[in-house]
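Here are the chains, one letter per residue:
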Amino acid sequence: FCYRLLTRRTFYSKNFNISLVCMSLITTAIILTIQSSVVVSLGMVGALSIVRFRTAIKEPMDLVFLYWSISVGIICGAGLSEIAIILSVVVTLAVLILSRIPLGRAPMILVINSDNDKETNKAIRQIVRKYSRFYTEKSRNISGGQLNLVIELAVNKGDELAGELS
C-alpha cells in the first residue's frame, strides 16, 4: 500500500509491488526454518549463495518464483515440510489476491512539438488544464524557435485532448 501511494507516477509496477509482499512472506518462512538449528542456518546460507543466474532477471515475479522454489526446496530438505506447505499456500493466496486488486490509471506522458511563442504556450496550458486533473511539466526544450514540451498528466478524455491540441 505504501509503495503504491508513493509511486503514483507513470512508472508504477504492479508486479514489483506484489513481489515485495511475496519476498517478505518467503523470507519469514526461511527465518522460521533457520531458527530451529544452527546447522540448518549455515546450510541455507551456503545453498542460497550457490545460486547464481547467468541471465539478468527482468521481471520481478520471475525472481519471486525462483526464490520461492529455492526456499521450499531448502525448507523441505531441512525436514520442515509443514512450513513449506504453509508458505506455498500463503504465497499463492497473496499472489492471487494482490493480482486481482484493480490498478488505478497511470498518468500519461504528453509530448508537444510546436513553435515557441507566448500565444501558443498559453493555449497549450489552457487546453491541458481543461482536460487534466493534474499535470506536471517534466521538461521544456527550446531550440531554433521550436518548443519541445513533455508533460505528465492524468486525463480522462485523452482523444479529445489530443484533438484539441493538434
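Small disclaimer: the values here were computed from a predicted structure and weren't measured. (Residues numbered from 1 in each chain as written. Predicted model: local features only at pLDDT ≥ 70, side-chain atom pairs only at ≥ 80, totals over all residues. Heavy atoms only, no water.)

Visitor: Honestly, the pattern of salt bridges in this entry has me stumped. Any pointers?
Guide: When the charged atoms of two side chains with opposite charge come close together, those side chains can pair. Applying the stated criterion to the full structure yields 4 salt bridges. Ionic pairing is found between R125 and E137, a salt bridge with its closest N-O pair at 3.3 Å. Taken together, the residues R125 in helix α6 (residues 118-131) and E137 in strand β2 (residues 132-143) connect sequence positions 12 residues apart. Since its relative accessible area comes to 34%, R125 is described here as partly exposed. Taking relative accessible area as the criterion, E137 reaches 32% and is therefore assigned partly exposed. Residue K130 pairs with E164 through a salt bridge whose shortest N-O separation is 3.3 Å. Of the two residues, K130 sits in helix α6 while E164 sits in helix α7 (residues 158-165), which places them 34 residues apart along the sequence. Given a relative accessible area of 55%, K130 falls into the exposed group. Under the relative-accessibility criterion, E164 is labelled partly exposed at 35%. (Salt bridge = Lys/Arg side-chain N within 4 Å of Asp/Glu carboxyl O. Helix = DSSP H or I, 4+ residues; strand = E, 2+ residues; numbered from the N terminus. Buried < 20%, exposed > 50% of the residue type's maximum accessible area, 1.4 Å probe, protein only.)

Visitor: What is the right way to look at the packing of helix α4 (residues 60-77) against helix α5 (residues 81-100) in this model?
Guide: Relative placement of two packed helices is described by the angle separating their axes and the distance separating the axes. Following both chains from N to C, one finds α4 and α5 inclined at 160°, their axes separated by 8 Å at the closest point. Looking at the two axes, α4 sits roughly antiparallel to α5. Crossing handedness for the pair α4 and α5: left-handed. Contact with α4, carried on its side by M61, W68, V72, I75 and C76, involves S81, I83, A84, L87, S88, V91, T92 and V95 of α5 and no other residues of that element. Considered class by class, the residues forming the contact of α4 with α5 number 10 nonpolar, 3 polar and no charged. (Axes fitted to C-alpha atoms, helices over the stretch in contact; angles between N-to-C directions. Parallel < 35°, antiparallel > 145°, perpendicular 65-115°, else oblique. Left-handed = near helix turned anticlockwise from the far one by under 90°. Contact = heavy atoms within 4.5 Å. Nonpolar A, V, L, I, M, F, W, Y, C, P; charged D, E, K, R; others polar.)

Keep in mind that these numbers describe shape and distance, not what the molecule does.
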